[in-house]
Amino acid sequence: FFTAICVVLLKTLTFTIILSDIFQTDETILPVMVSGVVFVAQLISYALSVLTSNDLLQSLLLVYNDYNSSMKTVYDGGGYWQWVLTVFVQFWDGTLGLLSTFVLIATSSTAFDVFLNFAAITFVSHLDDVFFILAERNLIGKENREAALMVQENAFSLPPFGVKPIRVQTILVWTLMFVTILIGSILNGLQNHGKFAANTLYIQFGDGVDPALALHSGFYRLDGSRVKRSNGFKYVEERSGDGVIGYCVNQQRWTFSLGSDPCKNIVAESSYIRSFDVLESTKEPWLAKIPDGSVSRFVPMEDFYLSKGCEKDRDCGGGKEQGTCNKKKRCRCSPDFTGVQCQYKAKTACSYVKLNEDYGADFPLTQRLVSSEFMLVKDIEYYNRPIYLNNATGDVIFFAGLRWVLANFYLEGNQTDLNDLFSPTSHATFVTNAYFVSSPVLFRSPDDSESTPIGLPWFAVVAGSDSSLSDATFASLPDPVRLICAICNNETNPCQNGGFCEQNGMCQCTDGASGSVCQVEPIGNGRCDGFFNKPEFKYDGGDCCKSTCSSTLENTCGVVETNLGLFTTGFDACDISAVTNDCKAGELCYLEDDTFEVNVFSRPFVWLSSNGN
């Protein structure tokens, strides 16, 4: 009895571990779709799993025949409650085994996995038979051998009923087989209709191989038409760019093509994969076609991102406070957040950007002078990012799927034209008159920490034959430029280097600092500025140390000009090892260089030493 209980617990534990491992994830456990060969293998395994469910069939047959008191004459202790326990254990074992078999078969994506899982669960289901054979051969104890022999030598024949037991068993087998196959067929039908496929994809293509490819970044929706098992699923680009993500059965690859057929006009493709689930294709590199017009060649893309749209509200920023997942499986962000997954705080988006004076005050000259400052356009987004416009020139900065673009549309601030140009269906491949693009902004990368183009390097657009972004290359600028938020905020964009943020959003800079947020440090200009006379600024870039200061046309080292005249500032708090190493402990330390005199009111002024003496 003890051995039998241990076997039952072992089988139950095994089935429980298998099922818990499968259902521990919130993701869909069933394959998106399976081939016809796999489906046939599943039907065969469903039927065999019922035929091999001996415990379940015997328990149902015992319940049908009910308890018979004559059992006591055959088996010692064969009372009613022992019979009830036997029936319950057999029913529990059989049901759990059949459920585990069904789940493993339904979640298999290849015929090999189907039969392998079936064989594994069948072995576990028959562990009691294995232990019975071991007991019969006296391999697990004398008492177990005696019990096995007693069961083998004694048999209890069930009395005949109105329906013969063999016929009842046949009815039970066919009923269970029909129900199991029916449920499996229903699940397969749901698979074919895309019930378990991602409804929405967010894709970001790299442009290292083909610049036009990145313009097709964005959302793709599942094609709602009926899917044939031989074709797989298709995802259609939401913007009017004619892009399609589909599974090409002939090549056994997921592809990106310009047209309805995923096996024609292929621009990019996945590595070899035998799966109808497009998310599985991201485990291996995607390849992009080299657009050279010669023999079709594909090379790996350096930057490629693919994920499904949201499934639950937590996929949209972590909870309902940031956004919710709508019926189209797209994140609908609350007013305070924006982005593909509501990951950006909308209130922190800068309303006024301009070129960072620390890099350069103007974009390099092109065919025309390009604007250096832009205002945020309210209530309009493009590719889930804000738009910036210069009303005077019509220069616009917008996101095009992978990079920010600076182009001109001669809009003159016409809000109606903006809505038409940057509508939810307009596509970036139609953009012309583009002058500059930013570095790539990869989804969820450090550069993707906010929804604006602030801080990104820019490149010049070398226009192609049609003057559009889809036929262009990018060249490095001779002098780097960056954009900066020109509106200060003590919490989100404070003034730097000791500056003070005034109520109008402008910074009041001190100690020689300059720039929109006092970001330009006045170092190396021949004037010692107190705020920067610190080790982290290398003592104002050397301006506060005599041995490293160099006078300029604007300033003379060691001297400051005020309304009252010229005054010496000295070089206090300067740590120069060449000076201090020769000093003895406790002695005053002076600079040994020649005295540099400046004639102010006909009086000489002496340089101060590093310790101020």
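Below: a short report on this structure. Just so you know, these numbers come straight off a predicted model, no measurement behind them.

**Some points on the packing of aromatic side chains**
- Applying the stated criterion across every chain yields a total of 22 aromatic pairs.
- Each ring, one from tyrosine 220 and one from phenylalanine 256, has its centre 6.3 Å from the other, and the planes form 85°; the classification is edge-to-face. With a gap of 36 residues between them, tyrosine 220 in strand β2 (residues 218-222) and phenylalanine 256 in strand β5 (residues 253-258) connect regions that are remote in the sequence.
- With relative accessibility at 0%, the residue tyrosine 220 sits in the buried group.
- What makes phenylalanine 256 buried here is its relative accessible area of 0%.
- Here the aromatic cluster, defined as three or more aromatic residues joined through ring pairs, consists of Phe205, Tyr220, Phe256, Trp286 and Phe304.
- We note arginine 330 situated over the ring of phenylalanine 219; from NZ or CZ to the ring centre the distance is 3.6 Å.
- Its guanidinium or amino end placed over the ring of phenylalanine 531, lysine 534 lies 4.2 Å from that ring's centre, counting from NZ or CZ.

**Let's talk about the nonpolar core**
- The biggest cluster of nonpolar side chains holds 42 residues, and the ones touching the most others in it are Phe398, Leu406, Phe422 and Trp458.
- Breaking this core down by element, the ones donating at least two residues are β14 (352-355), β15 (373-382), β16 (385-389), β17 (395-399), β18 (404-408), β19 (434-438), β20 (458-462) and β22 (483-485).
- Setting aside anything within four residues of it in sequence, one finds phenylalanine 422 in contact with Ile380, Glu381, Tyr382, Ile387, Val396, Phe398 and Phe409.
- By size, the runner-up hydrophobic cluster in this structure holds 25 residues, among which are Ala197, Leu201, Phe276 and Met301.

**Focus on helix α2 (residues 36-51)**
- The end-to-end C-alpha distance of α2, which contains 16 residues, comes to 23 Å, matching closely the 22 Å that a straight helix rising 1.5 Å per residue would cover.
- Restricting attention to buried positions, one finds in α2 the residues Val38, Phe39, Ala41, Gln42, Ser45, Tyr46, Ala47, Ser49 and Val50.

What counts and what doesn't
- Residues numbered from 1 in each chain as written.
- Predicted model: local features only at pLDDT ≥ 70, side-chain atom pairs only at ≥ 80, totals over all residues.
- Heavy atoms only, no water.
- Phe/Tyr/Trp six-rings, centres within 6.5 Å; stacked < 30°, edge-to-face > 60°.
- Helix = DSSP H or I, 4+ residues; strand = E, 2+ residues; numbered from the N terminus.
- Buried < 20%, exposed > 50% of the residue type's maximum accessible area, 1.4 Å probe, protein only.
- Lys NZ or Arg CZ within 6 Å of the ring centre and 35° of its normal.
- Core = buried A, V, L, I, M, F, W, Y, C linked by side-chain atoms within 4.5 Å.
- Contact = heavy atoms within 4.5 Å.
- Expected span 1.5 Å × (residues − 1).

So far we have only geometry, and geometry alone does not tell us how the molecule works.
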